[in-house]
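Breakdown of the fold
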Amino acid sequence: MQEIDFISIVHKRTTRDYLARVNDTDFPKAKAATLAKKWDFDYWDGDRRVNYGGYKYIPDLWRPVANAIAQHYHLREGDKVLDVGCGKGFQLFEISQSVPGIIPRGLDCSSYALKECKPELSDKLVLGCATELPFDDNEFDFVYSINTLHNLKTYELEKALKEIERVGKKNKYICVESYRDEVEKANLLYWQVTCEAFCTPEEWKWWFEKTGYSGDFSFIYFE
């Protein structure tokens, strides 16, 4: 288990006005969070003040991440790869382009996202929750989850981490939101609309060790 950062190169491209988001009286933060947690149109393709403001596939946006992941974990044709919290499947699609011939599978709790997914993956994605993965033990050569697990309630984290460990043979990778100081904590609170598990890196590592999660991990911060 090691900390390895694949995600910051994409995360840091976005400019965020934390105070404007939390002080918007025309569109209160509580309203945005209520809409976002339905994981429906508003979360993915609605008003930017709710969340993405239009989550569209941008060719090659996530390809550098996919290439780095594929190279690091030596993915090859025939490998079974699972994305837990796949959304519309864009990252999973990029990995399938980086490594032609992999067997991609994805799971997400949003029926809207799955309906709007990359058409190439429409028969590879299933509706479900990270706490109960509908897959066999040791089914996948690589399991990953990017920006998903922090959206679970604290009491759900143990089961989700154990499920990821269960379905993966060896290589696993998790990326979650975190904070290292009070400034980043405040920024995270101001910006997020779906986060439930607010943990420092040390607390996340405690969860990994407690649940027997043996894979790699990284954190994104709101600096």
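The coordinates are above.
For clarity, every value in this text was computed on a predicted model and none was experimentally measured.

Comments concerning the sheet that holds strand β5 (residues 168-177)
Taken in spatial order, the six strands line up as β3-β2-β1-β4-β5-β6 in an open sheet, and their pairing is parallel. Looking along the sheet, the strands with just one partner apiece sit at the ends: β3 (125-127) and β6 (216-220). Each adjacent strand pair in this sheet contributes to an overall mean axis angle of 15°, direction not counted. Judged from the five bridges that link them, strand β1 (residues 80-84) and strand β2 (residues 103-108) form a sheet pairing that is parallel. Within the sheet, the bridge partner assigned to Asp-83 lies in β2 and is Gly-106. Against the sheet, helix α6 (residues 90-98) touches β1, β2, β3 and β4 (140-146), its axis set at about 140° to β4. Lying over the sheet, helix α10 (residues 201-211) contacts β5 and β6, oriented at roughly 155° with respect to β6.

Regarding unusual backbone geometry
In this structure, Trp-39 takes a positive phi of about 55° despite not being glycine. By the element assignment, Trp-39 lies in the loop between α3 (29-36) and α4 (41-45). One non-glycine residue, Asp-60, adopts positive backbone phi at about 75°. As for its position among the elements, Asp-60 is in the loop between α4 and α5 (63-72).

Concerning the pairing of β1
A regular strand places its side chains so that they alternate between the two faces of the sheet. Of all five residues in β1, four are buried; the element is thus mostly enclosed. Read from β1 through α6 to β2, the crossover connection turns out right-handed. Pairing between β1 and β4: three bridges, direction parallel. Residue pairing for β4: Leu-82 is matched across the bridge by Val-143.

Focus on α10
Among the residues making up α10, those that are buried are Pro-201, Trp-204, Trp-207, Phe-208 and Thr-211. Summarising the axial view, the buried residues of α10 lie within an arc of 120°, below the 170-degree limit, and thus occupy one face. Exposed side of α10, more than 90 degrees from the buried face: Glu-202 and Glu-209 are the residues found there. Tucked into the core, α10 has its buried residues touching α8 (154-167), β5 and β6.

The rules we used
- Residues numbered from 1 in each chain as written.
- Predicted model: local features only at pLDDT ≥ 70, side-chain atom pairs only at ≥ 80, totals over all residues.
- Heavy atoms only, no water.
- Pairing = 2+ DSSP bridges.
- Helix = DSSP H or I, 4+ residues; strand = E, 2+ residues; numbered from the N terminus.
- Axes fitted to C-alpha atoms, helices over the stretch in contact; angles between N-to-C directions.
- Contact = heavy atoms within 4.5 Å.
- Buried < 20%, exposed > 50% of the residue type's maximum accessible area, 1.4 Å probe, protein only.
- Right-handed = clockwise from strand over helix to strand, strands pointing away.
- Arc of directions from axis to C-beta.

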